[in-house]
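Spelled out, the chains give:
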2 protein chains.
Amino acid sequence: MRNELNFSGGPGALPESVLRHAQQAVVALPETGLSVLGMSHRSSWFREVLDETERNLRALLGIPDGYHVLFTQGGSSLQFSALPMSFLRGCGRTAEYIVSGYWSAKAPQEARLEGDTRIVWDGAPQQYRRLPDAGELHLSPDAAYLHYVSNETVEGVEFSETPGLPDVPLVCDMSSNIASAPLDVSRYHLIYAHAQKNLGPAGVTLVILRDDFLQRAASPLPAMLDYRTHVQARSVYNTPPVFAIYVLMLVTRWLRDEIGGLAAMAALNRAKAQLIYGALDAHPDFFRVHALRPYRSAMNVAFQLPDAATEAQFLHTAAEAGFAGLEGHRSIGGLRISLYNAVTLQAAATLAAWLTEFQRRHG
Amino acid sequence: MRNELNFSGGPGALPESVLRHAQQAVVALPETGLSVLGMSHRSSWFREVLDETERNLRALLGIPDGYHVLFTQGGSSLQFSALPMSFLRGCGRTAEYIVSGYWSAKAPQEARLEGDTRIVWDGAPQQYRRLPDAGELHLSPDAAYLHYVSNETVEGVEFSETPGLPDVPLVCDMSSNIASAPLDVSRYHLIYAHAQKNLGPAGVTLVILRDDFLQRAASPLPAMLDYRTHVQARSVYNTPPVFAIYVLMLVTRWLRDEIGGLAAMAALNRAKAQLIYGALDAHPDFFRVHALRPYRSAMNVAFQLPDAATEAQFLHTAAEAGFAGLEGHRSIGGLRISLYNAVTLQAAATLAAWLTEFQRRHG
């Protein structure tokens, strides 16, 4: 199999130039001559890695002053707990959650341990094929916060509009579509995203947090679950995943220097999605896309073929052709094409042509 | 600076052969042709990485049946909270903590959030230069557990005897000396260790946990802080740090195949420590070792020179000679030589000779 044809749902492929730099760094960083794996997290070298990564993310995502940028561990799963510990526990309000897929359904389970939790919309009865339209959401202006997941990796549905009420803190898990397009960070109180889709390797989780929201956090909390710990320690309270953060920095450089920013990234992502959905939509009885059309994700394309035998044949011949990562998530089966930032337009075109050919032979 | 002369306190140096394999894997794993950074944690390839790592650790450390082996995130700092959440919260007993250094002093701070906590010995009044002798510990047979840190990275003191009472669950943070010597796991109910000293890169934390202890854990807990979550999901509840675990596997292979197991590793570590302490002890007025002699660590040698100017000169000329990572921890200053598993006997000999020469010139 080949890196440039890796369409994995995550951890996702990384850009070729990032892999080359990361490979060199494993044996000897240009700056120090030492392996990145043996660099102290208290070194001035690593402080500059953290600082540059933050600067690059602030520039790329347009993160305003008044927001903290943190690098943590534990993925969204740990954020599912850290969020309500800080902002629901003891506050006397209700936290609201939109459940739009396999992933977002997990978040309120953790919140219930900390306080009143209300699911304001649940896509399960419709197999998570669609998302709420604005008029369907009956939100409370008194909620502790509204939580949603901007892109559902498993089912392939993605919000195109930002939900929420102006005066309710908005919290979003952007793990699977962060940095895929320009973003209005000022609309959010808290954003988090694990790196292993669009930002880097597994092991580091980005948190973007409004300072005035942080002031409301409950106390005391376990140190590692208290956002203040990481703000005060500037992301080195304990040893962070040095290598994962270094690669995240390389990805931010790639986004800036090779892609040219998030508007250019978004244009590429739209073109990739058009190629893939175009190939699938040409044969809708053969390629059965899970998501309803208005809610389709540009990052994850979940679909099924007419029967399990054809799906097995698909995976087998795809692997022979060098394609990787096309299995659907175990919760819904079928197939999935993930088009994260590092997947090139060329790779999407190659796969689209191969899809068409596969249908011609097996349709 | 040179990897083979990296004496960092952590993240520590890794063996040369491990770095070579890791470097190749960043671009293309021999088994899959894909970058390790883009491999799915649900792939059969990664399942085998987890399984082999566990098998190798069980063989190396002699982990008996009835113990779980888990790979988690968040380092010891998150374990400081996970431990009392599971085994102190609501149990009506008191957790006992030995405070023997900078690091172990942090653990009871987290335990106090969950229940009664008692510090059974505190080395702070003696600047953490020594450890408790067996007769000094007045332990309760009714404690929820006894927690200690087997090696203090900052001050360079290391337990040579295992403390505790037979009927009280013993919990140990072995982050900075795990796998440095053979171990009787059966003496413990719970062992944890972050990887970045003796086992691999930063980002993964090993947990070894007795099953009958796990049965007593409090419930419900936040999913990521509940050991049952990781047992049931076999360490893939959410996306684990794939690369860090892969490198950990490479380190276990190196320990088995190149070193020949933990008895051989211990002999090498003793020889390394003898070389370094020997060079320092030859000039005790110049090289002032922090730890009292019976408590000295084989992993971390903390010491001071007569004045700050000489220490600055030391670091400057050491860096020019290719040595890295010799700064003392910011909490006590001075200098530190860390002799983790991957530091070779040759490197220790080179540094010992350089220490002697430095003393000759500046003493």
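Residues numbered from 1 in each chain as written. Chains lettered and ligands numbered in written order. Predicted model: local features only at pLDDT ≥ 70, side-chain atom pairs only at ≥ 80, totals over all residues. Heavy atoms only, no water.

Asker: Would you mind going over the overall build of chain A with me for this structure?
Answerer: When helices and strands are tallied, chain A shows 10 helices and 12 strands. In chain A, the proportion of contacts linking residues at least 24 apart, taken out of those at least 6 apart, comes to 67%. Accessible surface computed for chain A: about 13000 Å², of which carbon and sulfur atoms make up 49%. With 30 positive and 35 negative side-chain charges, chain A shows a separation of 1 Å between the mean positions of the two kinds. (Helix = DSSP H or I, 4+ residues; strand = E, 2+ residues; numbered from the N terminus. Contact = heavy atoms within 4.5 Å. Areas by Shrake-Rupley, 256 points an atom, 1.4 Å probe, with all protein chains shown as cover. Lys, Arg positive; Asp, Glu negative; His and termini not counted. Charge placed at Lys NZ, Arg CZ, Asp CG, Glu CD.)

Asker: Honestly, the packing of aromatic side chains in this entry has me stumped. Any pointers?
Answerer: The relation between two aromatic rings is expressed through the spacing of the ring centres and the mutual angle of the planes. All names here are of chain A. Inspection of every chain in the model, using the stated rule, returns 37 aromatic pairs over all chains. Centre to centre, the rings of Phe-87 and Phe-213 are 3.8 Å apart; their planes meet at 10 degrees, and the pair counts as stacked. With Phe-87 in helix α3 (residues 75-87) and Phe-213 in helix α5 (residues 211-214), this pair connects stretches of sequence that are 126 residues apart. As far as the burial class goes, Phe-87 and Phe-213 line up, both buried. Relative to Tyr-145, the ring of Tyr-97 has its centre 5.8 Å away and its plane inclined at 75 degrees; by these criteria the two rings are edge-to-face. In this pair, Tyr-97 is assigned in strand β2 (residues 95-99) and Tyr-145 in strand β4 (residues 145-149), connecting sequence segments 48 residues apart. Ring pairs connect the aromatic residues Phe-7, Phe-286, Phe-287, Phe-303, Phe-314, Phe-323, Trp-354 and Phe-358, which therefore count as one cluster. (Phe/Tyr/Trp six-rings, centres within 6.5 Å; stacked < 30°, edge-to-face > 60°. Buried < 20%, exposed > 50% of the residue type's maximum accessible area, 1.4 Å probe, protein only.)

Asker: Would you mind showing me how to read the nonpolar core here?
Answerer: The nonpolar side chains of a soluble globular protein tend to be buried, and buried together. Counting 134 residues, the largest nonpolar core has Phe243(A), Tyr246(A), Phe243(B) and Tyr246(B) as the members making the most contacts within it. Beyond its immediate chain neighbours, meaning those up to four positions away, Phe243(B) contacts Val26(A), Leu37(A), Phe243(A), Ala22(B), Val26(B), Val36(B) and Leu37(B). Ranked by size, the runner-up nonpolar core spans 56 residues in total, among them Val149(A), Leu221(A), Leu83(B) and Val149(B). (Core = buried A, V, L, I, M, F, W, Y, C linked by side-chain atoms within 4.5 Å.)

Asker: Sorry, what's going on with the relation of the copies chain B and chain A here?
Answerer: Copy one and copy two of the chain differ by a rotation about a common axis and a shift along it. Overlaying chain B on chain A yields an RMSD of 0.0 Å, the required transformation being a rotation through 180 degrees with an accompanying axial translation of 0.0 Å. Accordingly, the operation relating the two chain copies is best matched by a two-fold axis. Nearest to the rotation axis, the C-alpha of Gln23(B) is located 2.6 Å from it, this being the minimum over chain B. Comparing contact sets, 100% of the residues at the interface of chain B also lie at the interface in chain A, consistent with an isologous, same-surface contact. (Least-squares fit on C-alpha atoms with pLDDT ≥ 70 in both.)

Asker: I'm lost on the interface of chain B and chain A in this one. Help?
Answerer: Interface size is commonly expressed as the accessible area that is lost once the parts come together. Every contact between the two is made by 54 residues of chain B and, on the other side, 54 residues of chain A. Carbon and sulfur atoms make up 61% of the surface buried where chain B meets chain A, a total of about 4300 Å² over both sides. Contact with chain A buries surface across chain B, with Gln23(B), Leu34(B) and Leu37(B) losing the most and accounting together for 13% of the total. Taken together, the links from chain B to chain A amount to 0 salt bridges. Inspection of the region where chain B meets chain A yields 17 residue pairs in polar contact (both at pLDDT 80 or more). The element that contributes the greatest number of residues to the side of chain B that touches chain A is helix α1 (residues 16-27) of chain B, accounting for 6 residues. Here the residues of the side of chain B that touches chain A sort into 27 nonpolar, 22 polar and 5 charged. (Buried area = accessible area lost by both parts, 1.4 Å probe. Salt bridge = Lys/Arg side-chain N within 4 Å of Asp/Glu carboxyl O. Polar contact = N/O pair within 3.5 Å; in protein donor to acceptor, adjacent residues only side chain to side chain. Nonpolar A, V, L, I, M, F, W, Y, C, P; charged D, E, K, R; others polar.)

Asker: How should I be thinking about the state of the cysteines in this particular structure?
Answerer: Put plainly, two cysteines are in a disulfide when a covalent bond ties their sulfur atoms together. Residue and element names in this part refer to chain A. Inspection of the entire model under this criterion finds 0 disulfides over all chains. With no disulfide of its own, Cys-172 lies 20 Å from the sulfur of Cys-91, the closest cysteine sulfur. The exposure class of Cys-172 is buried, given its relative accessible area of 0%. (Disulfide = S-S within 2.5 Å.)

Asker: Looking at this structure, how should I read the pairing of strand β12 (residues 335-338) of chain A?
Answerer: On a regular strand, one side chain projects to one face of the sheet and the next to the other, so that they alternate. Residue and element names in this part refer to chain A. Across the two faces of β12 the burial is the same, with Leu-335 and Ile-337 and Arg-336 and Ser-338 all buried. Sheet topology places strand β11 (residues 300-304) next to β12; 4 bridges connect them, and they run antiparallel. Along β12, the bridge assignment pairs Phe-303 with Leu-335. (Pairing = 2+ DSSP bridges.)

Asker: Mind showing me how you'd approach α3(A) here?
Answerer: Note on helix geometry: an α-helix contains 3.6 residues per turn, so any two residues three or four positions apart are oriented the same way. Between the first and last C-alpha of α3(A) there are 18 Å, a value that for 13 residues agrees with the 18 Å anticipated at 1.5 Å per step. For α3(A), the buried fraction is high: 13 of the 13 residues fall into the buried class. (Expected span 1.5 Å × (residues − 1).)

Asker: What am I meant to see in unusual backbone geometry here?
Answerer: For residues that are not glycine, phi is negative in most cases, and the peptide bond is trans in most cases. Residues and elements named next belong to chain A. Residue Pro-11 is bonded to the preceding Gly-10 through a cis peptide linkage, with omega at -5 degrees. Look at the link from Ser-219 to Pro-220: it is a cis peptide, with omega at -5 degrees. Relative to the helices and strands, Pro-220 resides in the loop between α5 and α6 (227-232). In this model, Ser-235 sits at a positive phi of 70 degrees, which is unusual for a non-glycine residue. Within the secondary structure, Ser-235 sits in the loop between α6 and α7 (242-259). Classification of Ser-235 by relative accessible area gives buried; the value is 6%.

Asker: Could you clarify how one ought to interpret the environment of Val343(A) in this entry?
Answerer: All names here are of chain A. Considering the arrangement of structural elements, one finds Val-343 in the loop between β12 and α10 (345-362). Classification of Val-343 by relative accessible area gives buried; the value is 6%. A sequence separation of 331 residues divides Val-343 from Gly-12, and the C-alpha atoms of the two residues are 8.7 Å apart.

Asker: Help me understand the sheet that holds strand β9 (residues 205-210) of chain B in this model?
Answerer: What links the strands of a sheet is backbone hydrogen bonding, and the strands pair in either a parallel or an antiparallel sense. Residues and elements named next belong to chain B. If you trace the 7 strands from one edge of the open sheet to the other, you get β1-β9-β8-β7-β4-β2-β3, paired in mixed fashion. Each edge of the open sheet is held by one strand with a lone partner, namely β1 (67-72) and β3 (117-122). Neighbour to neighbour, the strand axes of the sheet diverge by 15 degrees on average, direction disregarded. Of the strand pairs in this sheet, strand β7 (residues 170-173) and strand β8 (residues 190-194) are connected by 3 bridges, and their pairing is parallel. Across the sheet, Asp-173 pairs through a bridge with Tyr-192, a residue of β8. Packed on one face of the sheet, helix α2 (residues 44-61) meets β1 and β9 and runs near 125 degrees to β1. The strands that helix α3 (residues 75-87) touches are β1, β2 (95-99), β4 (145-149), β7, β8 and β9; relative to β8, the one it contacts most, it runs at about 160 degrees. (Axes fitted to C-alpha atoms, helices over the stretch in contact; angles between N-to-C directions.)

Asker: I'm lost on the sheet that holds β11(A) in this one. Help?
Answerer: Residue and element names in this part refer to chain A. One open sheet accounts for 3 strands, arranged β10-β11-β12; its pairing is antiparallel. At either margin of the open sheet sits one strand with a lone partner, and together these are β10 (288-289) and β12. Relative to β11, β10 is paired through 2 bridges, and the arrangement is antiparallel. Note on β11: the bridge partner recorded for Val-289 is Phe-303.

Asker: I tried to follow the domain arrangement of chain A on my own but got confused; where do I start?
Answerer: All names here are of chain A. Taken domain by domain, chain A comprises domain 1 (3-15 + 261-362) and domain 2 (16-257). When each unit is reduced to the centre of its C-alpha atoms, the spacing between domain 1 and domain 2 is 26 Å. The tally of links between domain 1 and domain 2 comes to 0 salt bridges. Here domain 1 and domain 2 share 18 residue pairs in polar contact (both at pLDDT 80 or more) between them. Every element with two or more residues in the side of domain 1 that touches domain 2 is listed here: α8 (262-281) and β11. (Domains from an automatic or database assignment.)

Asker: Sorry, what's going on with empty space enclosed by the protein here?
Answerer: For the structure on display, the rule yields 9 cavities of 30 Å³ or more. Approximately 170 Å³ is the volume attributed to the largest cavity. Together, 19 residues line the largest cavity, and Phe71(B), Thr72(B), Gln73(B), Met224(B) and His230(B) are the ones closest to its centre. Where the lining of the largest cavity is concerned, the elements lending two or more residues are β1, α3 and α6 (227-232) of chain B. Looking at which element gives the most residues to the lining of the largest cavity, the answer is α3(B), with 3 residues. Considering only residue class, the lining of the largest cavity consists of 11 nonpolar, 8 polar and no charged. The computed volume of the second largest cavity comes to approximately 90 Å³. Lining the second largest cavity are 13 residues, with Ala202(A), Phe243(A), Ala244(A), Ala202(B) and Ala244(B) sitting closest to its centre. Grouping the constituent residues of the lining of the second largest cavity by class yields 12 nonpolar, 1 polar and no charged. (1 Å grid on protein atoms, 1.4 Å probe; cavity = no way out; pocket = protein on both sides within 12 Å on 5 of 7 lines; lining within 4 Å. Points joined across faces, edges and corners; volume = space filled by probe spheres on them.)

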